[in-house]
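Residue-level structural notes
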12 protein chains.
Amino acid sequence: MTVLVLNGPNLGRLGVREPDVYGTATYADLVARCEQVAGERGVDVEVRQTDSEAEMIGWLHGAADDGSDVVINAAAWTHTSVAIRDAASQVTGTLVEVHLSNVHAREAFRHTSYLSDVATAVVVGMGIEGYAAAIRFVARA
Amino acid sequence: MTVLVLNGPNLGRLGVREPDVYGTATYADLVARCEQVAGERGVDVEVRQTDSEAEMIGWLHGAADDGSDVVINAAAWTHTSVAIRDAASQVTGTLVEVHLSNVHAREAFRHTSYLSDVATAVVVGMGIEGYAAAIRFVARA
Amino acid sequence: MTVLVLNGPNLGRLGVREPDVYGTATYADLVARCEQVAGERGVDVEVRQTDSEAEMIGWLHGAADDGSDVVINAAAWTHTSVAIRDAASQVTGTLVEVHLSNVHAREAFRHTSYLSDVATAVVVGMGIEGYAAAIRFVARA
Amino acid sequence: MTVLVLNGPNLGRLGVREPDVYGTATYADLVARCEQVAGERGVDVEVRQTDSEAEMIGWLHGAADDGSDVVINAAAWTHTSVAIRDAASQVTGTLVEVHLSNVHAREAFRHTSYLSDVATAVVVGMGIEGYAAAIRFVARA
Amino acid sequence: MTVLVLNGPNLGRLGVREPDVYGTATYADLVARCEQVAGERGVDVEVRQTDSEAEMIGWLHGAADDGSDVVINAAAWTHTSVAIRDAASQVTGTLVEVHLSNVHAREAFRHTSYLSDVATAVVVGMGIEGYAAAIRFVARA
Amino acid sequence: MTVLVLNGPNLGRLGVREPDVYGTATYADLVARCEQVAGERGVDVEVRQTDSEAEMIGWLHGAADDGSDVVINAAAWTHTSVAIRDAASQVTGTLVEVHLSNVHAREAFRHTSYLSDVATAVVVGMGIEGYAAAIRFVARA
Amino acid sequence: MTVLVLNGPNLGRLGVREPDVYGTATYADLVARCEQVAGERGVDVEVRQTDSEAEMIGWLHGAADDGSDVVINAAAWTHTSVAIRDAASQVTGTLVEVHLSNVHAREAFRHTSYLSDVATAVVVGMGIEGYAAAIRFVARA
Amino acid sequence: MTVLVLNGPNLGRLGVREPDVYGTATYADLVARCEQVAGERGVDVEVRQTDSEAEMIGWLHGAADDGSDVVINAAAWTHTSVAIRDAASQVTGTLVEVHLSNVHAREAFRHTSYLSDVATAVVVGMGIEGYAAAIRFVARA
Amino acid sequence: MTVLVLNGPNLGRLGVREPDVYGTATYADLVARCEQVAGERGVDVEVRQTDSEAEMIGWLHGAADDGSDVVINAAAWTHTSVAIRDAASQVTGTLVEVHLSNVHAREAFRHTSYLSDVATAVVVGMGIEGYAAAIRFVARA
Amino acid sequence: MTVLVLNGPNLGRLGVREPDVYGTATYADLVARCEQVAGERGVDVEVRQTDSEAEMIGWLHGAADDGSDVVINAAAWTHTSVAIRDAASQVTGTLVEVHLSNVHAREAFRHTSYLSDVATAVVVGMGIEGYAAAIRFVARA
Amino acid sequence: MTVLVLNGPNLGRLGVREPDVYGTATYADLVARCEQVAGERGVDVEVRQTDSEAEMIGWLHGAADDGSDVVINAAAWTHTSVAIRDAASQVTGTLVEVHLSNVHAREAFRHTSYLSDVATAVVVGMGIEGYAAAIRFVARA
Amino acid sequence: MTVLVLNGPNLGRLGVREPDVYGTATYADLVARCEQVAGERGVDVEVRQTDSEAEMIGWLHGAADDGSDVVINAAAWTHTSVAIRDAASQVTGTLVEVHLSNVHAREAFRHTSYLSDVATAVVVGMGIEGYAAAIRFVARA
């Protein structure tokens, strides 16, 4: 069983970008944490990041074809992209939406998500531990 | 260190109430799962449930006095009670909001929360595993 | 068969409170009228009133456990309490929402109800005769 | 004393139209039930149906001239016709608004009524028993 | 030159209906006043009233064919009928919208008009003198 | 198999009314084009027009009784008539909503339709060719 | 009896400002027309214009003290000035609101008026003839 | 004459809770200040606090029965409880709404009050001096 | 120490204007009451009134330069003038907003204030006693 | 003459993705149907699909340069992409917007389109026959 | 050629008022910078400031009469004054709207402007350099 | 010091696309004008354009890494892309938002910007001179 961990725009700059909002952990830390937890749970994990909506859509199509579970942090696209929603809703595995920061305590436009109602579960505000929680949930489910 | 797990109205009927929405796990299962995870993490946990807003407010005041961390599923009050928000915002420990079901896929009035922006993190849609994730996060923080 | 007639906050003061809005019939009149109609229809009726949301929730849990039919005038909570909605939606018997006054002709915040869409039927503006109509409907159903 | 029972568009097809929404009782059943209840209460009743707004307005003018009580199910016009509201508000007898189905559990545009605040009372969701309840109320008033 | 004065639903009951809102002048007074003013200005006038939307639409089609000027009090349809707007916008003569009462001081739904932006001028709150003002304006234009 | 083509208010004046919006084709052209396409597809077609809501409702009742397919251009009623929606939703054949002009490029009140979500398909902006497209679709379905 | 005709900001430039919107008649024409109609009706008229809100308020105070009737074209202040509304509502004589252009066919912010519901009558879109109609109405009242 | 000073949820923690918002004065200081001012004005005062909506409703019923004046800081319930509004509107004495902090400079949900329009007067942002001002006003009235 | 008491449009007419809303106390009474309270508290007070927004802005600039405390009843400008808000927010002394009537029980446009969130405190509905309360608060602060 | 048929995100998965919404016809079927109809009408057709907004914009630029007609199903971008609207509005040929499913009967965010008001015509809910209708219309125009 | 630079309320206090928002440059600096840039571009400039709406309107009338170009910082009136909009729209020269601070990063009521859509260009957030940019643009145009 | 001038979708077609909206200057003119002004101010400039959101995000990341100042015309993405906002907010140099046309005088959806509140300054409606103004501002800052 493979879990895809898919990250959207600007997340490659984690640790560089606005550390007061997103913390000092880097993207490499995020990848390492995901692999550590997946290892503990005995599942394969593949962590990817892209700033291209088309690439993200393609990865979701792949997950739909493979029946993979998906942990997705669509970042800014969460609030604006119906195209990613439409791709995500084709996923037949478990889909968990993750956000590093507590989006509910930020700008109003971050309070709505095109993904949440097609996801199984949502985790926000736990930093990279949110990915750990999501992988554990998916591995158990 | 003690973690308070506080549950709001109707949650005492878990497993009885609308199993298609909330699953078949009972409230006793919920308590057991919290105690199991807390045990694994070496923290004390106390799980409570009430249908009385005043009692919930009192528990939050206690947590504020004791500096406890809090995992709260305020259930229906999430969407309507400023009084509980005002009590919760006095908590100086970590505060994690949990919902069993995916509130974003339900009625519109469940999409807003008076707690989320005063909480540290939010977990929805994981069933009782959401409590496990919250306790692990609190225990680590 | 028992019908529970559950009244929410301030209704105990019927006949005392704002007679121009609620009429001069007293709460005792209300109880008597319910018992009279129930007697005519051969059903048991139990009429209760509370200013405590927790108590109302408990009564609805009891009705859910017993499979009772419920006639509910949630008064002010109609417009604000999701907790009572969540308790009411567990009732498997017939649920009829009643209001003494014509709420549609009063303040705008009285035009919305958290109960109506989980109720079977709604009667407003008939004064205590609305309870009679509700009991007759329930007894027939 | 005569009670006019006035039915708006599409109601002539009761029992034919969407039985999952409106039930299997036919329009003839509706008429019969009204007459039965009126008979029990010793009042005359006249049950009419029209798909023409102009005809409905004329009937309301007649009721205003005669001082009749009116039980009205304006159906779709409830939500759209100010002209019928303006005619109904001329009625000096008792005016009861009835809906067969629970409009609050249907599309959002059925949640608003141009009639409710000029009516004395409103009954929804009781099927044809709603007419019975309205006639009894009018006969008593 | 002929001026059509077209009146919508319930206006035939002027003087009967809600005299506190519409005054004690009757529909016959309204017709007489229109004819008097038209006479003073040397124009023909034809005053009509209908409760049928289809009839009103037909009259407006006639006015469009004849190039007549139109004074219209569409009453309740003002706020709800796009069909009458579409018919009125075919009129190539001058179109004046009239209301007896001051609609801006009444219910909110009377504050919007489907006719005003396709009319040349609007007169409200002058009672039947509003018709006189409209006829004088049309006769001068 | 018969296809009913039902046209609402003001459409009888096609070619006369606002040719910059609706084009120079006349209502007779519209009828002829429908008959031509129906002929090509081997279906019967009956094209009607009315300014009376009651008549349109009656035609839809007839279609419901006969199981006919319906092509409907409800014109202004599209945006205002729940009564026609309620009649149209009784049609069990295929229902196609047609508009001559591109309603989305006109006033905001023409952007909402009470028919679209109970129709199978919607065609706007093709002039009378929209009827042709609708008939071909219905004939194929 | 004296009628005050009070004009708000920019109206002094009538005939200069945007003739496509306001016509070619000048402010002097407006004054002359008012005096002519007042003369015909045997009333005194005083026509004033100001770009100063304070001055307009003072004039309305004067009218309140004198019991004068007022014809007011508050121009832009119509849509923004509660202060002028509060002054106008002290007028005990008849108050008629006038606009030269058809404000309902212009920008959305011109569709609301702080004056209309405290005025007796409103006339829009008649150009300077609107003043004539208002003076005639006031003189008759 | 007795003045009831009724405090809602979380106010018992004054001086403990968020001193940057509510100041360093304690609940005991609040009580003392009320008693001091009441003494100066020669009225009795009784200061109470509760986190239970039912208890607050009961106190208001008592005030209604006794004809007492009421100074109420309903805290969070101000923005959410129609039940307390309905109880407060039964008070026939003077009712003054008080808030310690300037609610208008805080979250948007604190800008609306279910009490203000049934109160005689409202004082916000004066800290515990607001209670003093309210008692002086009540004592004078 | 000097306290400026600044009154906006129409307040000079206190006692003349709408006594049912504003009471029978005159503007002279208001001035006298302010001077009396200021005398008791040993502060100087200067009470001014203007219908000119520019003059009010100038007074606030003066207060900002002098470091004066300000009690302001901006009347109608409260709801419409950002210019006065911008001037008021330059005041470094204490700023108290006062309204004679209970604005929350009047028209909806009186429920919003451009001043409240830049003021320290707000007092409404106490008539001229509200000024007394404001002066006492300012004198104590 | 060449007609470009441009398909947006996720449409390449037709027949794979949610067949209950989009039907069982595959993307290859869609291409074949377009080519068949184009052949019947004697026009060239080129059918493309992309998940990349930049590529879609480029295709529209090409159509603008070539003067081609365009049939576009922008899928999810319909509701979110102003960039595609801006590219589409440069097309000087006929532009027809197509949707396979009836978007009006789905989520609210699918009821708005950034393309409709810059398109000539819109066809929804006909499945791949909608493309056929669009090509026929373009070929005729 | 003369450029009028017109400044609205509170701008005379630049450098005094809220330097964290508006910077430390004084109004004299603003005037000097305008004159310097105008000198470099060989145009005359006249810089004025007023807290009186009437005076601002008068200056815009003058500009309209003279055909002058106008650089306007209407400050608070930007968001509230239709009267200044109506005066500004009479200007036939180039009209540039300037704001010192970035209004889009401040309170929501500063995000709307009655001037922007009648202006040629808008510059915000450049401090007094925004005036320089506007003058250069006007001088070039 | 280098200034990046970044242009979003469709801007490569300047001079080709809708010259009535965007003017006749070409994209090459835009580049030349930027280089000319930069040369006058002694700064390096690099002008880029892309229709790919991912490429724009990458350029902003580069600017964030290099500490460059940025002049950005995000075109359509201004109104829809949170991803670009999130990238832009990482820029530590000065960020100026530019639009060629006056967006405030166009469609309502162009009146909101995801960039304005994270930019330092905004210039709209100056055509390519807006870029010149922005570069001068950046070079001076």
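Placed above this text is the structure.
Residues numbered from 1 in each chain as written. Chains lettered and ligands numbered in written order. Predicted model: local features only at pLDDT ≥ 70, side-chain atom pairs only at ≥ 80, totals over all residues. Heavy atoms only, no water.

Another aspect to go through is the side chain of His-99 of chain K. Residue and element names in this part refer to chain K. Tracing the backbone through its elements, the reader meets His-99 in strand S4 (residues 95-99). Owing to a relative accessible area of 6%, His-99 belongs among the buried residues under this scheme. Here the side chain of His-99 touches Glu-97 through a polar contact of 2.8 Å, side chain to side chain. Discounting chain neighbours no more than four positions away, the residues touching His-99 are Asn-73, Ala-75, Thr-78, Val-123, Val-124, Gly-125 and Met-126. (Helix = DSSP H or I, 4+ residues; strand = E, 2+ residues; numbered from the N terminus. Buried < 20%, exposed > 50% of the residue type's maximum accessible area, 1.4 Å probe, protein only. Polar contact = N/O pair within 3.5 Å; in protein donor to acceptor, adjacent residues only side chain to side chain. Contact = heavy atoms within 4.5 Å.)

Looking now at the side chain of Glu-53 of chain I. Summarising the element assignment, Glu-53 of chain I is placed in helix H3 (residues 53-66). Although Glu-53 of chain I is buried, it forms no salt bridge, and the closest oppositely charged side chain is Arg-110 of chain K at an N-O distance of 12 Å. At a separation of 3.1 Å, a polar atom in the side chain of Glu-53 of chain I contacts the side chain of Trp-77 of chain K. Glu-53 of chain I has contacts with Trp-77, Ser-81, Ala-83 and Ile-84 of chain I together with Asp-51 and Trp-77 of chain K, leaving out every residue within four places of it along the chain. (Lys, Arg positive; Asp, Glu negative; His and termini not counted. Salt bridge = Lys/Arg side-chain N within 4 Å of Asp/Glu carboxyl O.)

Moving on to the sheet that holds strand S2 (residues 44-49) of chain H. Read across the sheet, ten strands follow the order S2(H)-S1(H)-S3(H)-S4(H)-S5(H)-S5(I)-S4(I)-S3(I)-S1(I)-S2(I) without closing on themselves; strand pairing throughout is mixed. Of all strands in the sheet, those bounded by a partner on one side alone are S2 of chain H together with strand S2 (44-49) of chain I. Within this sheet the neighbouring strands show an average axis-to-axis angle of 15°, counted without direction. In this fold helix H2 (residues 27-41) of chain H packs onto strand S1 (2-7) and S2 of chain H, with an angle of close to 165° to the strand it touches most, S2 of chain H. Packing against the sheet, helix H3 (residues 53-66) of chain H makes contact with S1, S2 and strand S3 (69-73) of chain H, and its axis sits at approximately 165° to S1 of chain H. (Pairing = 2+ DSSP bridges. Axes fitted to C-alpha atoms, helices over the stretch in contact; angles between N-to-C directions.)

At the interface, 22 residues of chain A touch 22 residues of chain B. Carbon and sulfur atoms supply 58% of the area buried between chain A and chain B, which totals about 1,700 Å² over both sides. Glu-129 of chain B is the salt-bridge partner of Arg-140 of chain A, the closest N and O atoms lying 3.3 Å from each other. Summed over the shared surface of chain A and chain B, the result is eight residue pairs in polar contact (both at pLDDT 80 or more). Broken down by element, the residue count for the side of chain A that touches chain B peaks at six residues, all from helix H5 (residues 129-140) of chain A. Residue classes in the side of chain A that touches chain B are distributed as eleven nonpolar, five polar and six charged. Here three bridges tie strand S5 (residues 121-124) of chain A to strand S5 (residues 121-124) of chain B, and the two strands are oriented antiparallel to one another. Bridging across to S5 of chain B, Val-123 of chain A finds its partner in Val-123 of chain B. (Buried area = accessible area lost by both parts, 1.4 Å probe. Nonpolar A, V, L, I, M, F, W, Y, C, P; charged D, E, K, R; others polar.)

The next thing to look at is the relation of the copies chain E and chain G. Two copies of the chain are present, and they differ by a rotation about an axis and a shift along that axis. In the superposition of chain E on chain G (RMSD 0.0 Å, axial shift 0.0 Å), the rotation amounts to 180°. Seen this way, the second copy is the image of the first under a two-fold rotation axis. Residue Val-123 of chain E, judged by its C-alpha, is the member of chain E lying nearest the rotation axis, at 2.3 Å. Take the interface residues of chain E: 100% of them recur as interface residues in chain G, which is what a same-surface contact looks like. (Least-squares fit on C-alpha atoms with pLDDT ≥ 70 in both.)

This part takes up unusual backbone geometry. Phi at Asn-10 of chain B takes a positive value of approximately 75°, unusual for a residue other than glycine. Looking at the element boundaries, Asn-10 of chain B is found in the loop between strand S1 (2-7) and helix H1 (19-22).

Here we come to the packing of aromatic side chains. Tallying each qualifying case throughout the model produces twelve aromatic pairs over all chains. Relative to Tyr-114 of chain C, the ring of Phe-109 of chain B lies with its centre 5.1 Å away and its plane at 75°, an arrangement referred to as edge-to-face. One end of the pair, Phe-109 of chain B, is in the loop between strand S4 (95-99) and S5; the other, Tyr-114 of chain C, is in the loop between strand S4 (95-99) and strand S5 (121-124), on a second chain. Exposure remark for Phe-109 of chain B: the relative accessible area of 18% places this residue in the buried category. (Phe/Tyr/Trp six-rings, centres within 6.5 Å; stacked < 30°, edge-to-face > 60°.)

Once that is clear, we can look at the environment of Cys-34 of chain E. Residue and element names in this part refer to chain E. Secondary-structure assignment places Cys-34 in helix H2 (residues 27-41). The exposure class assigned to Cys-34 is buried, which follows from its relative accessible area of 1%. Taking C-alpha positions, Cys-34 is 8.4 Å from Ile-128, a pair spaced 94 residues apart along the chain. The residues touching Cys-34, leaving out its near neighbours within four places in the chain, are Val-5, Val-45, Val-47, Tyr-131 and Ile-135.

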